[in-house]
Number of protein chains: 2
Amino acid sequence: MTPTIKDVAAHAGFSIATVSRAINAPHTVNPVTLEKVRQSIDALNFRPSPLGRQLRGERTRLIGVILPTIANPVFAECLQGIDELAAAHGYRLMLMTTQYDAERERHAIETLREQRVEGLILTVADADTHPLLDDLDRAGLLYVLMHNDTVRRPSVSVDNRLAAHDGVRMLIAHGHRRILMLAGTLAASDRARLRHLGYAQAMQQAGLTPAPALEIDFNADELAPSVLAHLTNGPNRPTALFCSNDLLAMVVMRGLRRARLQIPTDMSILGFDGLAMGELLQPPLASICAPNREIGCAAWKRLMARIDGTYTDASLALTLPHALREGATIAAISNTSEAPRIRSMQPLV
Amino acid sequence: MTPTIKDVAAHAGFSIATVSRAINAPHTVNPVTLEKVRQSIDALNFRPSPLGRQLRGERTRLIGVILPTIANPVFAECLQGIDELAAAHGYRLMLMTTQYDAERERHAIETLREQRVEGLILTVADADTHPLLDDLDRAGLLYVLMHNDTVRRPSVSVDNRLAAHDGVRMLIAHGHRRILMLAGTLAASDRARLRHLGYAQAMQQAGLTPAPALEIDFNADELAPSVLAHLTNGPNRPTALFCSNDLLAMVVMRGLRRARLQIPTDMSILGFDGLAMGELLQPPLASICAPNREIGCAAWKRLMARIDGTYTDASLALTLPHALREGATIAAISNTSEAPRIRSMQPLV
DNA sequence: CTGAAAGCGCTAACAT
DNA sequence: ATGTTAGCGCTTTCAG
């Protein structure tokens, strides 16, 4: 059916070894022979089977990608970046999702190892304490983490702590003092932890009291009554919500609207991720933007550098810059009783 | 490094053939032997290499997925469905995106063929006239189309014409008479064509005059002045816009807002796709919903059925039901000069 | 410069 | 019930 190297050899009247050399080391073969072989290749429309090469222990040109989900555009955007570079470099991508499940993470890694991927680009729940990553190190399977914010392993991310810190500082600069952080139920990630840390530090530095992150059920149509009570409860209600990601922010915005709260008049909202989608909202969502596509691209480049052995950078973690997108979901609070005066702030960033 | 079948054989004191049988046909081997082999497998943590099997001409357990982009959640949602079933059935997914580019479509198909995928799930621009799909048929490589609305090939889709027809009828039932269809610049797909056909038929059946689809630049921040003129121009301006997909609808909504038009008061908007995201908008986007995840799942099942040879269904195309999501972006037009009376309509669907 | 042959990990006749 | 062997498509010594 599909022609093999044998067919080409027969057609050209040479051995399969010569055909192989004509393909992989053209300079080592007589130009005349080379030409004949090439013609046979064209005539038969032969393309060397990756399978043979892969089995032979050559490079598989396979890269594994493991993501929590692609339903969240954050990861879809990263994947776009990876895919673009992979296509340009003749690599094939094998994709597996974990739905944030540890057992599926394990299974994905094992499956991709079996398939002899040359490297792995992945996002895990918690990078620092992940035993499987130690296994990879031990086995010599190269990988680069994406969005995992750790200095202990090869990774590409924004500085989640600092980014959250900047964002919350900005809220404070707008006069907010009672700022609550909201997180999804799958919040046991290094990202979520660091974002909350940044929030807490920004609060403390402004002499304010940070609160634990309030967990929100992502899938519920409405906000839980207990949550709503928290958000609307009397004079101590928060004036601003820092949501640990944009999807959550959107769900919260909808929930608040259903509860007849105006955004940003009654409540300011700040998201995290910088989803393109957010700008299309009304009002456009303020967010701490991670360069998701670039994170994917950078992870690819790092992985390639590790594979090529040109990875000489001493530091494991690559931190990409974040940006504040000041959408219209944030209102300034000027002279309410809670924030009696506009304090002078040092410039942001 | 990684143990091979040889290592297991040596460890267990049997031949590699016996080990292979212990794995693939346990009943043909002596229970005692079987147990020993299994212990060796466990001891060495052996997992048979897919590569050897694949080269041997066995099933590769590889499925190729080709999508225009995963930046559009429509495709990400499909992919989620596919991925879920693939993981459950022990298949691996190889993903390639085309960015709606014919050459990249060709390249993706060729690459995946070389890799000996057992089948292909893909979305192409225009299924009917696609020569590469004929090649696949000829080569016997099994595939199922997703979102390509054609009766000529194995496919899973909604009835784009009917869905658009229903949607536009609904607009008309709400009193709209001047309804314009908007399409993205990459509109040369069978989907877009059929959606416009449905629009045109609905208009004609109501005695209204359909217009050609107006092309919108997806990426521009604002709507082009010429477009804006079209939409706001005097008494003949449209009162409702049917957007060929939800992402476009969102961009248009933002553009209209920037031009100080109120939605739905000044303009009603109907999208197509039923993105989950749309419900989070303000106002929630009315849309013709395709069951994207289910389309992915159904495509998977069809492909598996074709591979297993249990695909006895006579019809090539599987049409999944669409649904109208009547968001708040549609206003009723009752007694304006343009629509002097509410005409009685037959019930919708 | 070219060819013969070994071998990557595995399965499937064919023997025993 | 188990072992031997050939071969999937390819690359790579090693000879010539």
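Note that the coordinates shown come from a computational prediction; the quantities given were computed from them, not determined experimentally.

Can you walk me through the pairing of strand β10 (residues 286-289) of chain A in this structure?
Regular strands show a simple pattern: their side chains alternate between the two faces of the sheet. All names here are of chain A. Of the two faces of β10, the one lined by Ala286 and Ile288 and the one lined by Ser287 and Cys289 are each fully buried. Alignment of β10 against strand β12 (residues 323-325), held across 3 bridges, turns out to be antiparallel. Paired with isoleucine 288 across the two strands is leucine 324, which belongs to β12.

Mind showing me how you'd approach the layout of surface pockets here?
A volume near 1600 Å³ is recorded for the second largest pocket. Lining the second largest pocket are 50 residues, and of these Glu114 and Arg116 of chain A together with Arg47, Pro48 and Ser49 of chain B sit closest to its centre. Only α6 (102-114) and α7 (131-139) of chain A together with α2 (16-24), α4 (50-55) and α5 (73-88) of chain B provide two or more residues apiece to the lining of the second largest pocket. Among the elements that line the lining of the second largest pocket, the one with the most residues is α6 of chain A, at 7 residues. Of the residues belonging to the lining of the second largest pocket, the class tally is 22 nonpolar, 14 polar and 14 charged.

Any chance you could explain the sheet that holds strand β7 (residues 214-216) of chain A here in plain terms?
Through backbone hydrogen bonds, the strands of a sheet pair up, either in parallel or in antiparallel fashion. Residue and element names in this part refer to chain A. Here 6 strands make up an open sheet; going across it, the order is β7-β6-β8-β9-β10-β12 and the pairing mixed. Edge positions in the open sheet fall to β7 and β12, since each of these has one partner strand only. Here the average twist between neighbouring strands, direction ignored, is 25°. In terms of strand pairing, strand β8 (residues 240-243) meets strand β9 (residues 268-273) through 3 bridges, oriented parallel. Each residue of the ladder has a partner; that of alanine 240, found in β9, is serine 268.

Whenever I open this one, helix α3 (residues 31-44) of chain B confuses me. Can you help?
All names here are of chain B. Taking 1.5 Å of rise per residue, 14 residues should cover 20 Å, and α3 covers 20 Å from first to last C-alpha, within 8% of that figure. Regarding α3, the residues found buried are Thr33, Leu34, Val37, Ser40 and Ile41. Along the axis of α3, the buried positions cluster into a sector of 125°, meaning they face one direction only. Residues of α3 that are exposed and angled more than 90 degrees away from the buried face: Pro31, Val32, Asp42 and Ala43. Where the residues of α3 are buried, they touch α1 (5-12) and α2.

What is the right way to look at the packing of aromatic side chains in this model?
Pairs of aromatic rings are described using the distance from one ring centre to the other and the angle between the two planes. Residues and elements named next belong to chain B. On inspection of all chains with the given rule, the structure shows 4 aromatic pairs over all chains. Centre to centre, the rings of tyrosine 91 and tryptophan 300 are 5.4 Å apart; their planes meet at 80°, and the pair counts as edge-to-face. One end of the pair, tyrosine 91, is in the loop between α5 and β2 (92-97); the other, tryptophan 300, is in helix α12 (residues 292-308), with 209 residues separating them in the sequence. As far as burial versus exposure is concerned, tyrosine 91 and tryptophan 300 are alike and both buried.

I'm lost on the UniProt feature "domain: HTH lacI-type" (unreviewed entry) in chain A in this one. Help?
The sites that carry the UniProt feature "domain: HTH lacI-type" (unreviewed entry) are, in the present numbering, residues 3-57 of chain A. With 67% helix and 0% strand, residues 3-57 of chain A has its two end C-alpha atoms placed 22 Å apart.

Can you walk me through the protein's contact with DNA strand D in this structure?
DNA strand D sits among 25 residues. The nearest are Ile5, Ser49 and Arg53 of chain A together with Thr33 and Arg56 of chain B. Taking the atoms of DNA strand D that fall within 4 Å of the protein, sugar and phosphate contribute 60% of them. Isoleucine 5 of chain A places a polar main-chain atom, nitrogen or oxygen, 2.4 Å from a phosphate oxygen of DNA strand D. Serine 20 of chain A is positioned with one of its side-chain polar atoms (N or O) 2.9 Å from a phosphate oxygen of DNA strand D. Counting only elements with at least two residues in the surface near DNA strand D, the list comes to α1 (5-12), α2 (16-24) and α4 (50-55) of chain A together with α2 of chain B. For the surface near DNA strand D, the leading source of residues is α2 of chain A, giving 4 residues. Taken together, the residues that form the surface near DNA strand D break down as 9 nonpolar, 10 polar and 6 charged.

Could you clarify how one ought to interpret the nonpolar core in this entry?
What tends to happen in soluble globular proteins is that the nonpolar side chains get buried as a cluster. By size, the foremost hydrophobic cluster in this structure holds 149 residues, and its most contacted members are Ile269 of chain A together with Phe242 and Ile269 of chain B. Counting 36 residues, the second-largest nonpolar core is a separate cluster that includes Val117 and Ala127 of chain A together with Leu62 and Ile66 of chain B.

Whenever I open this one, the side chain of glutamine 54 of chain B confuses me. Can you help?
For glutamine 54 of chain B, the position within the fold is in helix α4. Sequence-distant contacts of glutamine 54 of chain B, that is, excluding residues within four places in its chain, are made with Leu51 and Gln115 of chain A together with Arg59, Thr60, Leu62 and Arg92 of chain B.

What's the story with the interface of chain B and chain A in this structure? I'm lost.
One frequent convention defines the size of an interface as the accessible area lost when the parts assemble. Counting from both sides, the interface comprises 45 residues of chain B and, opposite them, 45 residues of chain A. Taken over both partners, the interface formed by chain B and chain A buries close to 4300 Å², and the fraction arising from carbon and sulfur atoms is 59%. Where chain B touches chain A, the interface holds 8 salt bridges. Between glutamate 114 of chain A and arginine 47 of chain B there is a salt bridge, with the nearest N and O atoms lying 3.3 Å from each other. Viewed at the interface, chain A and chain B are joined by 18 residue pairs in polar contact (both at pLDDT 80 or more). Of all elements in the fold, only α4, α5, β2, α6 (102-114) and α11 (246-258) of chain B reach the threshold of two or more residues within the side of chain B that touches chain A. With 7 residues, the single largest contributor to the side of chain B that touches chain A is α5 of chain B. Residue composition of the side of chain B that touches chain A, grouped by class: 23 nonpolar, 11 polar and 11 charged.

Would you mind showing me how to read the protein's contact with DNA strand C here?
The immediate surroundings of DNA strand C are formed by 26 residues, with Thr18, Thr33 and Arg56 of chain A together with Ile5 and Arg53 of chain B found nearest. In DNA strand C, atoms within 4 Å of the protein come from the sugar-phosphate backbone in 60% of cases. Contact between DNA strand C and arginine 56 of chain A: a base nitrogen at 2.5 Å from a side-chain N or O atom of the residue. Counting only elements with at least two residues in the surface near DNA strand C, the list comes to α2 of chain A together with α1, α2 and α4 of chain B. The greatest single-element share of the surface near DNA strand C, amounting to 5 residues, is contributed by α2 of chain B. Residues of the surface near DNA strand C, tallied by class, amount to 9 nonpolar, 10 polar and 7 charged.

Quick question: what am I supposed to make of the pairing of β2 of chain B here?
With respect to burial, β2 of chain B is a largely interior element, 6 of its 6 residues being buried. The pairing of strand β2 (residues 92-97) of chain A with β2 of chain B spans 3 bridges and is classified as antiparallel. Residue leucine 93 of chain A lies in a different strand from β2 of chain B, and its bridge partner there is leucine 95 of chain B. The parallel pair strand β1 (residues 62-67) of chain B and β2 of chain B is bridged by α5 of chain B, and the resulting crossover is right-handed.

Thresholds, definitions, all that
- Residues numbered from 1 in each chain as written.
- Chains lettered and ligands numbered in written order.
- Predicted model: local features only at pLDDT ≥ 70, side-chain atom pairs only at ≥ 80, totals over all residues.
- Heavy atoms only, no water.
- Buried < 20%, exposed > 50% of the residue type's maximum accessible area, 1.4 Å probe, protein only.
- Helix = DSSP H or I, 4+ residues; strand = E, 2+ residues; numbered from the N terminus.
- Pairing = 2+ DSSP bridges.
- 1 Å grid on protein atoms, 1.4 Å probe; cavity = no way out; pocket = protein on both sides within 12 Å on 5 of 7 lines; lining within 4 Å.
- Points joined across faces, edges and corners; volume = space filled by probe spheres on them.
- Nonpolar A, V, L, I, M, F, W, Y, C, P; charged D, E, K, R; others polar.
- Axes fitted to C-alpha atoms, helices over the stretch in contact; angles between N-to-C directions.
- Expected span 1.5 Å × (residues − 1).
- Arc of directions from axis to C-beta.
- Contact = heavy atoms within 4.5 Å.
- Phe/Tyr/Trp six-rings, centres within 6.5 Å; stacked < 30°, edge-to-face > 60°.
- UniProt positions renumbered as here; feature names shortened; annotations may be inferred.
- Near = heavy atom within 4 Å.
- Polar contact = N/O pair within 3.5 Å; in protein donor to acceptor, adjacent residues only side chain to side chain.
- Core = buried A, V, L, I, M, F, W, Y, C linked by side-chain atoms within 4.5 Å.
- Buried area = accessible area lost by both parts, 1.4 Å probe.
- Salt bridge = Lys/Arg side-chain N within 4 Å of Asp/Glu carboxyl O.
- Right-handed = clockwise from strand over helix to strand, strands pointing away.

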